[in-house]
Amino acid sequence: MRRIRLRPVLGALRTLGYAAGLPALALLAWALATDRSASLYFPPPATIADAFVETWFGPAFTEDVLPSLGRFAAGVLLSMVIGIVAGTAIGTTRWLRDLLEPMLEFFRAVPPVVLVPVLMLMLGVGDTMRIAVIVSGCVWPVLLNTVEGVRGVDTVLTETSRSYRVRGGLSLRYVVLPAASPQIMAGIRLCLSIGLILMVISEMFASSSGLGYRIVYFQRSFMIAQMWSGIVLLGLVGVAVAGLYGIAERRVLHWYHGMREVARG
Amino acid sequence: MTARVLGLLGILGFLVTWEVAALSGAVSRTYLPTASTTLLRLGRELTTPDFWVTLGDTVITWSAGLGIAVVAAIALGTVVGLVPFLQKATHSSVEFLRPIPSVAIIPLAVLVAGLSREAALMVVVYAPFWQVFVQVLHGVADVDPVAQDTARSYGLGRLDRLRHLVLPTALPYVITGFRLAASVALVLTITAELVIGNPGLGRQIELYRSAPDAPGLYALVLVTGGLGIVVNLATRMVERRLLRWHPSVRREEAL
C-alpha cells in the first residue's frame with residue numbers, strides 16, 4: 001500500500017532534483033567562488049539579486065523595460081504580418097517568385113545589425129527607427145519560410161481541393177496556410193530571437209532609455225551588480241519569449257505533432 | 001532558364017528603383033546615395049588594401065568563433081548525449097541558457113576583455129555553441145535501437161560503435177547545426193565589431209556612419225550581404241560533400 005503511494009512522490013522529487021540540481025549547484029559554486037575573492041566584475045549572486053530588485057522593480061520598469069518590450073512586440077508583429085502576406089503572394093505566384101528570389105536571398109544574407117547605421121541615417125533616432133530596425137531584420141525569416149511553405153504544399157492536396165472547387169480565400173484559409181504553417185512557425189521562431197537581439201542593439205546605439213541602453217549605461221558607470229541584473233533580466237525575457245512561442249506553437253501545430261507521432265509509430 | 005532571366009530582371013529592377021528613389025530627393029542625398037554612386041564606391045573599395053585587411057579581420061574573428069563553438073559543442077554534446085544521467089541533469093539549464101540573447105553579454109565581455117577581439121569572441125561563440133550543441137543531442141539520441149543492439153551483439157566496442165553508429169547518425173544533425181551556426185556567427189561577428197569596436201567590417205561601417213560617408217556605408221552593407229551569401233553557399237557545399245552518402249543528398253542529385 002505505502003509503496004504505491006510513495007512512488008509518484010519519489011518520481012516528482014526526482015524530476016525536481018534533475019531540473020533544479022544543476023542550477024542550484026552552479027549558484028552555490030558561484031556564491032562560494034565570489035565570497036572569498038573581492039572580484040570586481042563578478043559580484044556574489046546575493047548582491048546581484050538585491051540589485052535586480054532595486055533596479056527593475058521601480059520606475060525603470062515603466063521607463064525602460066515596458067517601452068523596450070513594446071517596440072519588440074510592435075516590430076515582431078509587423079514583421080509577421082508583412083512576412084506572411086507578402087510570402088503567400090510570392091509563394092503562390094510563380095513569376096513573382098522567380099523575379100524576387102535572388103533579391104530576397106541577398107536581403108536575408110545581410111546581417112540585420114548593419115541596417116542599424118543605415119536606418120539611423122535615413123530615419124534619424126527615434127521609436128520609428130528602432131521599430132524599423134527590428135522589422136528590417138525579422139521580416140526575412142518569416143517571409144522566406146512562408147514562400148517555401150506555400151510552395152511546398154502537397155500537390156495531391158491542392159489538386160484535390162481544386163477539383164472540389166475550393167478556391168481563392170477559402171483555399172488559402174483551409175488548405176494553403178495550414179499546410180505551410182509548420183514552416184511559417186519555424187520562421188517566426190527565428191524572427192523572435194533576431195528581434196530580441198535587434199531590440200537590444202538598437203538601444204545600445206542610439207537611445208536614452210530602454211533595456212539595451214540601461215545595461216550599457218551601467219557598464220560604463222561601473223555599476224557592475226546593476227549591469228549583471230540587466231543581463232539576468234534580458235535572459236529572463238529571452239526565456240519568457242521562448243516559452244510563449246512554445247505554447248503558441250503547440251496550439252497552432254498540435255495536429256502536425258500528432259501526425260508525426262502517428263507516422264513514427 | 002526563364003527563372004534566371006526574371007531573377008536578373010529583379011535585381012535590375014531593385015537597382016533602378018533605388019536610383020530613382022535617391023534621385024527624387026525624397027530622402028536627402030547625403031543619407032541615401034544613388035545606386036550608381038554606391039556601386040562605383042564599392043568598386044573603388046575593392047581595390048584598396050585597407051578594405052581587404054578589414055575583411056580579413058572579420059573573417060578571422062568569424063572562423064575562430066565558429067571553430068571554438070563547433071568543437072566545444074560537439075565534444076560536450078556527444079558526452080552529454082550519450083550519458084542519460086547528464087542529459088536529464090543538464091536539460092533545464094540548457095533550456096534556460098539557450099534563449100538568452102548573446103548581445104546581452106556584450107557589456108560583460110567588454111568589462112572582462114576590453115575592446116578587443118577576445119571580447120568579440122565571447123559574444124560570437126555563445127549562440128552558435130547552443131545551436132550545434134542541441135543538434136548534437138538530437139543526433140546522438142536518434143541512433144536506431146535495432147542497429148544499436150545489432151552492433152552490440154556483434155561485439156562492437158564502445159569506440160567502434162561511436163565511429164560506425166553514432167557518428168553517421170548524428171552527422172546530418174551536426175551539419176544542419178553547423179550551417180545555422182555559421183550564419184549566426186557571421187551576424188554576431190559583425191554585431192560585435194559594430195558595438196564593441198574591434199577591427200573589422202562592422203567597425204568600418206560605424207566609422208563611415210559617423211563620418212558621415214554614406215556611399216562607403218552602403219557599399220560595405222552590400223559587402224556584408226555578399227559575405228553572407230558566400231558563407232551560405234560554402235556551408236551548403238560542405239554539407240553536400242560530407243553527406244554524399246546520405247539519402248537526402250543522394251535523392252537531390254538523382255532529380
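Notes on the structure in this doc start here.

Basis of the calculations
- Here, residues in each chain are numbered from 1, in the same order as that chain's written sequence.
- Numbering of ligands from 1 and lettering of chains from A proceed in the order in which they are written.
- A pLDDT threshold of at least 70 governs which residues receive local features in this predicted model, and a stricter bar of 80 or more applies before side-chain atom pairs are shown or counted, although totals over entire chains, interfaces and linings include all residues.
- Heavy atoms from the whole structure form the basis of all side-chain values; hydrogens and water molecules are not counted.
- Strands here are runs of E lasting at least two residues and helices are runs of H or I lasting at least four, both read from the DSSP assignment and numbered beginning at the N terminus.
- Radius of gyration here is computed from C-alpha atoms only, and the compact-globule reference equals 2.2 Å multiplied by the residue count raised to the power 0.38.
- Here's how the labels work: a residue is buried when its accessible area is under 20% of the maximum for its type, exposed when over 50%, partly exposed in between, all with a 1.4 Å probe on protein chains only.
- Calculation of accessible area relied on Shrake-Rupley with a 1.4 Å probe; when residues are assessed, cover is drawn exclusively from the protein chains displayed.
- The sign given to each residue is positive for Lys and Arg and negative for Asp and Glu; His and the chain ends receive no count.
- We put the charge of a Lys on NZ, of an Arg on CZ, of an Asp on CG and of a Glu on CD.
- Contacts are residue-level and defined by heavy atoms, with any inter-residue pair within 4.5 Å sufficient.
- Here the quantity called buried area is the accessible surface, traced with a 1.4 Å probe, that two parts lose on coming together, added over both.
- We define a salt bridge as a contact between a side-chain nitrogen of Lys or Arg and a carboxyl oxygen of Asp or Glu at a distance within 4 Å.
- For this analysis, a polar contact is any N or O atom pair within 3.5 Å, provided that within protein one partner can donate a hydrogen and the other can accept it, and provided that sequence-adjacent residues contribute only side-chain to side-chain pairs.
- Here is the rule: rings of Phe, Tyr and Trp (six-membered ring for Trp) pair when centre to centre is within 6.5 Å. Planes less than 30 degrees apart are stacked, more than 60 are edge-to-face, and the remainder are tilted.
- By definition here, charges over rings are those cases where NZ of Lys or CZ of Arg is within 6 Å of the ring centre and within 35 degrees of the ring normal.
- Put simply, buried Ala, Val, Leu, Ile, Met, Phe, Trp, Tyr and Cys residues joined by side-chain atoms within 4.5 Å make one nonpolar core.
- Like-charged residues within 9 Å of one another, or nonpolar side chains (Val, Leu, Ile, Met, Phe, Trp, Tyr) within 5 Å, are grouped into patches, provided each residue has over 30% relative accessible area and no salt bridge.

**Observations regarding the overall build of chain A**
Then comes step 1: Across its full length, chain A holds eleven helices and zero strands.
Then comes step 2: At 24 Å, chain A has a C-alpha radius of gyration far larger than the 18 Å of a compact globule built from 265 residues.
Then comes step 3: Each principal axis of the C-alpha atoms in chain A carries an extent, and together these give about 75 × 70 × 30 Å.
Then comes step 4: Every one of the 265 residues in chain A was classed for burial, and the buried ones make up 43%.
Then comes step 5: Element-wise, carbon and sulfur atoms account for 66% of the exposed surface of chain A, whose accessible area totals about 14,400 Å².
Then comes step 6: Treating the 23 positive side-chain charges of chain A as one cloud and the 15 negative ones as another, the clouds have centres 11 Å apart.

**Focus on the overall build of chain B**
Then comes step 1: Helix and strand counts for chain B come out as eleven helices and zero strands.
Then comes step 2: Starting at the N terminus, the α and β elements of chain B follow one another as α-α-α-α-α-α-α-α-α-α-α.
Then comes step 3: C-alpha atoms of chain B, sized along the principal axes, occupy 75 × 55 × 30 Å.
Then comes step 4: Counting all 255 residues of chain B, 44% fall into the buried class.
Then comes step 5: Of all intrachain contacts in chain B linking residues separated by at least 6 positions in sequence, the fraction that spans at least 24 positions is 72%.
Then comes step 6: For chain B, the accessible area works out to roughly 13,000 Å², and carbon and sulfur atoms hold 68% of it.
Then comes step 7: Both charge centroids of chain B, one from 20 positive and one from 16 negative side chains, sit 5 Å from each other.

**Things to note about the interface of chain A and chain B**
How big an interface is tends to be reported as the loss of accessible area on association of its parts.
Then comes step 1: Taken together, the 46 residues of chain A in the interface contact 50 residues of chain B.
Then comes step 2: For the pair chain A and chain B, the summed buried area comes to about 4,300 Å², and 82% of that belongs to carbon and sulfur atoms.
Then comes step 3: Where chain A touches chain B, the interface holds zero salt bridges.
Then comes step 4: Taken together, the links from chain A to chain B amount to one residue pair in polar contact (both at pLDDT 80 or more).

**Remarks on helix 5 (residues 115-123) of chain A**
Then comes step 1: Counting buried positions along helix 5 of chain A gives seven out of nine residues, so the element sits mostly inside the fold.
Then comes step 2: Looking at the buried residues of helix 5 of chain A, the elements they touch are helix 6 (127-151) and helix 8 (168-205) of chain A together with helix 8 (158-195), helix 9 (201-210) and helix 10 (214-242) of chain B.
Then comes step 3: Directly after helix 5 of chain A, the chain includes Gly124 of chain A, whose backbone phi takes a positive value near 75 degrees.

**What about the packing of aromatic side chains?**
Then comes step 1: Under the definition given, this model contains 17 aromatic pairs over all chains.
Then comes step 2: Seen from their ring centres, Phe52 of chain A and Phe57 of chain A are 6.2 Å apart, and the 65 degrees between their planes marks the pair as edge-to-face.
Then comes step 3: For Phe52 of chain A, a relative accessible area of 15% puts it in the buried group.
Then comes step 4: Taking 5.9 Å as the distance between ring centres and 55 degrees as the angle between the ring planes, the aromatic pair formed by Tyr217 of chain A and Phe218 of chain A counts as tilted.
Then comes step 5: Among the aromatic residues, those joined into a ring-pair cluster are Phe106, Phe107 and Trp140 of chain A together with Phe14, Trp18 and Tyr218 of chain B.
Then comes step 6: One cation-aromatic arrangement involves Arg214 of chain A over Tyr217 of chain A; the distance from NZ or CZ to the ring centre is 5.5 Å.
Then comes step 7: The ring of Tyr208 of chain B carries the charged tip of Arg41 of chain B above its face, separated from the ring centre by 5.2 Å.

**A short note on the environment of Ile82 of chain A**
Then comes step 1: Mapped onto the fold, Ile82 of chain A is located in helix 3 (residues 59-92).
Then comes step 2: In this view, Ile82 of chain A contacts Gly87, Val135 and Val139 of chain A; residues no more than four positions away in its chain are not counted.

**Focus: the nonpolar core**
Then comes step 1: Within the largest apolar cluster, 118 residues are counted, with the highest numbers of intra-cluster contacts made by Trp56, Met199, Ile201 and Met227 of chain A together with Ile106, Phe133 and Leu217 of chain B.
Then comes step 2: Looking at which element gives the most residues to this core, the answer is helix 8 of chain A, with 15 residues.
Then comes step 3: Setting aside residues no more than four positions away along its own chain, Phe133 of chain B makes contact with Ala73, Leu76, Gly77, Val80 and Val94 of chain B.
Then comes step 4: Leu104, Val135, Val139 and Leu144 of chain A belong to the second largest nonpolar core, which has eight residues in total.

**Comments concerning the environment of Gln226 of chain A**
Residue and element names in this part refer to chain A.
Then comes step 1: Tracing the backbone shows Gln226 in helix 10 (residues 224-252).
Then comes step 2: Expressed as a C-alpha distance, the spacing of Gln226 and Thr55, which sit 171 residues apart in the sequence, is 6.8 Å.
Then comes step 3: Setting aside residues up to four positions removed in sequence, Gln226 forms contacts with Ala51, Thr55 and Phe218.

**Some details on a nonpolar patch on the surface**
All names here are of chain B.
Then comes step 1: Nonpolar side chains collect at one region of the surface, where Val79, Leu82, Val83, Phe85, Leu159 and Leu162 lie side by side and expose about 550 Å² of accessible area between them.
Then comes step 2: Mapped onto the secondary structure, Val79 falls in helix 3 (residues 49-82).
Then comes step 3: Looking at Val79, the relative accessible area reads 46%, which means it is partly exposed.

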